[in-house]
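Each chain, letter by letter, is given below.
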Amino acid sequence: MRIVVTGGAGFIGSEFVRQLAKRGLSPHSYNVSGLEGDCPRLIVIDKLTYAGDLKRLDEVKGKFKFYKVDICDKNKICAVFQKEKPDIVVNFSAETHVDRSIVDSSSFINTNINGTKVLLDACLKYQINKFIHISSDEVYGEIEKGVFNEDSPLQPNSPYSASKAAADLLIRSYIRTYGLPAIIVRPSNNYGPWQYPEKFIPVAIHSVLKGGKIPVYGRGLNVREWLYVSSCVEGIILILKKGKPGGIYNLGSGFRKRNIDLAMAILNKMDKPHRLIKFVRDRPGHDLRYSLDSSKAQRLGWKPGIGLNEGLQKTIDWYKESLSWLNSKI
Ligand SMILES: NC(=O)c1ccc[n+]([C@@H]2O[C@H](COP(=O)([O-])OP(=O)(O)OC[C@H]3O[C@@H](n4cnc5c(N)ncnc54)[C@H](O)[C@@H]3O)[C@@H](O)[C@H]2O)c1
């Protein structure tokens, strides 16, 4: 089994590579036996943008092959596919920060849409058995009450989420038109070790560690569904194994919190007073609430695993121990 992982030097992609390199295709919470026979050959492709870092893969060094390639570069992607002959392609590569997409969406359109098209064409050309695309809950837009399921309409509100939704629609067309065996996964907000400190949780922890205040957009009323990164990757591995080609799967934890409450929870865990919250000008077009129905993935046997309390503690502990990495990013 040969698996190409694009964006494997990023936050979630690297967790995927670490889990597969250590355990093969059997996530520990489901089945540890049969690991040897299940162990895939891993090929990581990453452009190493500001968000990519091979340090995330240090602990599995030697267990994967690496290509520094831009997914928009058709010739190079085809050359890697031709040489490595992958059975499965899992695409994590993307421009991922909403605020950056508001300043300039060019790289988002390029990587998230054009880059996905290059991968889709290569998957067709080299007759890949499965293409797993990591999308986002943000493609649905915001929901005041209730939950989005996989049939909910796509109503993205930021250039980032619009580029992710566009890729999802392109994939849909390749499934329908060419019979490409693709699966789309839509996770909710991830957090955990190794996340680049531009996203809310690492920004908050880093600010407190530096003796500063946690910046919270608007009045902090925006609700996000927080999913610990290793639990997300367990879900992706399960979908890779058991998901239906052509299917879409939401992956949300059910742990929903307003940003203000999350900031207070972080301060509580770090033994700091709530006055260390500073409200800053709201993000333009800021979605109020995300909330997923993940019963389809749960029916495959997935459970969100690590809860928010435990996950936050693990994350804070990790950043405290990894201050030099954190500081090197800012
Ligand atoms: N982090 C979250 O909370 C979250 C939630 C839902 C969905 N997602 C999706 O999951 C995927 C992974 O997210 P992440 O948080 O790990 O992102 P990340 O920003 O940490 O990593 C992205 C990786 O892609 C690489 N990359 C960017 N452009 C590339 C290109 N043109 N060619 C090759 N590599 C390129 C970067 O170097 C980096 O290693 C993304 O598709 C994102 O949209 C993320």
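Above this text you will find the structure in question.
Computed from a predicted structure; not experimentally measured.

## Remarks on the overall build of the protein
Stage number 1. Check the secondary structure of the protein and you find twelve helices and twelve strands.
Stage number 2. Taking 330 residues into account, the globule formula puts the C-alpha radius of gyration at 20 Å, and the protein, at 19 Å, falls close to it.
Stage number 3. Seen through its principal axes, the protein has C-alpha atoms that stretch 55 × 40 × 35 Å.
Stage number 4. Within the protein, buried positions represent 46% of all 330 residues.
Stage number 5. For the protein, the share of sequence-separated contacts (at least 6 apart) that also reach a separation of at least 24 residues comes to 80%.

## Focus: unusual backbone geometry
Excluding glycine, residues mostly have negative phi values, and the peptide bonds linking residues are mostly trans.
Stage number 1. One non-glycine residue, Lys85, lies in positive phi territory at about 45°.
Stage number 2. Within the fold, Lys85 resides in the loop between α3 (74-84) and β4 (88-91).
Stage number 3. Here Lys85 falls in the partly exposed class, since 13 other C-beta atoms lie within 10 Å of it.

## Here's the deal with the sheet that holds strand β1 (residues 2-6)
Stage number 1. Pairing is parallel in the open sheet, where seven strands are placed in the order β3-β2-β1-β4-β5-β6-β10. Strands at the two margins of the open sheet, each flanked by one partner only, are β3 (64-68) and β10 (248-251). Put simply, the sheet's adjacent strands are angled 20° from each other on average, direction ignored.
Stage number 2. The pairing of β1 with β4 spans four bridges and is parallel. When the bridges of β4 are listed, Ile3 appears paired with Ile88.
Stage number 3. Along the sheet, helix α6 (residues 159-178) contacts β5 (130-134) and β6 (182-187); its crossing angle with β6, the most-contacted strand, is approximately 155°.

## As for the nonpolar core
Stage number 1. Membership of the largest hydrophobic core comes to 80 residues, with the highest contact counts inside it found for Val5, Phe16 and Val185.
Stage number 2. It is helix α8 (residues 229-242) that contributes the most residues to this core, seven residues altogether.
Stage number 3. Setting aside its immediate chain neighbours within four residues, Phe16 contacts Val5, Gly8, Val90, Phe92, Val233 and Ile236.

## Details of the packing of α3 against helix α5 (residues 106-125)
Angle between the axes and distance between the axes are the two parameters that describe a pair of packed helices.
Stage number 1. Running from amino to carboxyl end, α3 crosses α5 at an angle of 35°, the nearest separation of the two axes being 10 Å. Classified by chirality, the crossing of α5 by α3 is right-handed. Between α3, through Lys74, Ile77, Cys78 and Phe81, and α5, the contact on the second element is made entirely by Val118, Leu119, Ala122 and Lys125.
Stage number 2. Residues of the contact of α3 with α5, tallied by class, amount to six nonpolar, no polar and two charged.

So, how was this worked out
- Residues numbered from 1 in each chain as written.
- Predicted model: local features only at pLDDT ≥ 70, side-chain atom pairs only at ≥ 80, totals over all residues.
- Helix = DSSP H or I, 4+ residues; strand = E, 2+ residues; numbered from the N terminus.
- Rg over C-alpha atoms; globule rule 2.2 N^0.38 Å.
- Buried ≥ 20, exposed ≤ 12 C-beta atoms within 10 Å, placed from the backbone.
- Contact = placed C-beta atoms within 7 Å.
- Pairing = 2+ DSSP bridges.
- Axes fitted to C-alpha atoms, helices over the stretch in contact; angles between N-to-C directions.
- Core = buried A, V, L, I, M, F, W, Y, C linked by C-beta atoms within 7 Å.
- Left-handed = near helix turned anticlockwise from the far one by under 90°.
- Nonpolar A, V, L, I, M, F, W, Y, C, P; charged D, E, K, R; others polar.

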